[in-house]
Amino acid sequence: MRILLMNGPNLNMLGVREPGIYGHDTLGSIEDMVISHGERHGVDVECFQSNHEGVLIDKLHEAHGRFDGVIYNPGAHTHYSYALRDAVAAISTPVVEVHISDVDAREPFRAISVFDGVVLEKISGRGKQGYIDALDVLREHCC
């Protein structure tokens, strides 16, 4: 089984950016944690991060047929990127949306996800554990 772990804008700044909200873990440490969890379960995890919408769209298109699932934290794109939503809808690869913080309990605009209805599941507010939960959801769904 192959999983793409994809993170959007500003997530490369984890550990520095608002640690009171996002914690002190870096993106690299979270990726290592997910890769290790995947290895324990026979899952190959490839990691990717970009701050650029078009690059993320291209990566989703590439995931079609190459990966069994995608774990995706779209960051701020969650609330307005219909182009990314359309990219998720265009592929048959199941996508689990992940958010470190509880976006529904924050500013009202964060409760809006344009990905509603096109992702397999949304996991929010579980910190870095949400990424592990997303991998497990995909393992159960795909196997």
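The paragraphs below set out a description of the structure included in this document. Counting restarts for each chain: residues are numbered from 1 in the order of the written sequence. Thresholds applied to this predicted model are a pLDDT of at least 70 for local features of residues and 80 or more for the giving and counting of side-chain atom pairs; totals over whole chains, interfaces and linings are not thresholded and use all residues. Hydrogens and waters are ignored; side-chain quantities use all the structure's heavy atoms.

A short note on the environment of Val 55
Phase 1: You can see Val 55 is positioned in helix 3 (residues 53–63).
Phase 2: Since its relative accessible area comes to 37%, Val 55 is described here as partly exposed.
Phase 3: In what follows, residue pairs with any heavy atoms lying within 4.5 Å of each other are defined as contacts. Every residue in contact with Val 55, bar those within four places of it in the chain, is listed here: Phe 48 and Ser 50. Secondary structure follows DSSP: runs of H or I at least 4 residues long count as helices, runs of E at least 2 residues long count as strands, and numbering of each begins at the N terminus. Exposure classes here rest on a 1.4 Å probe applied to the protein chains alone. A residue is buried below 20% of its type maximum, exposed above 50%, and partly exposed in between.

Examining the sheet that holds strand 4 (residues 95–99)
Strands in a sheet are paired, the pairing made by backbone hydrogen bonds, and the direction either parallel or antiparallel.
Phase 1: At least two DSSP bridges between two strands are needed for those strands to be called paired. The strand order 2-1-3-4-5 describes an open sheet built from five strands, whose pairing is parallel. Only two strands of the sheet have a single neighbouring strand rather than two, namely strand 2 (44–49) and strand 5 (121–124). Strand-to-strand twist in this sheet, taken as the mean axis angle between neighbours without regard to direction, amounts to 20°.
Phase 2: In this structure, strand 1 (residues 2–7) lies alongside strand 3 (residues 69–73), joined through five bridges in parallel fashion. Comment: axis = line fitted to C-alpha atoms, over the contacting stretch for helices; angle = value between 0 and 180 degrees taken between N-to-C directions.

A word on the pairing of strand 1
Phase 1: For strand 1, a buried count of five out of six residues is recorded, marking the element as mostly surrounded by other parts of the structure.
Phase 2: Bridge count for strand 1 against strand 2 is six bridges, and the pairing is parallel. Bridge pairing links Ile 3 to Val 45 in strand 2.

Looking at helix 3
Phase 1: Residues of helix 3 that are buried: Leu 56, Ile 57, Lys 59, Leu 60 and Ala 63. Angularly, the buried residues of helix 3 cover 160° about the axis, an arc narrow enough to put them on a single face.
Phase 2: With its phi angle positive at about 85°, Gly 65 sits one or two positions after the end of helix 3. Of all possible arcs, the one meant is that of the directions from the helix axis to the C-beta atoms.

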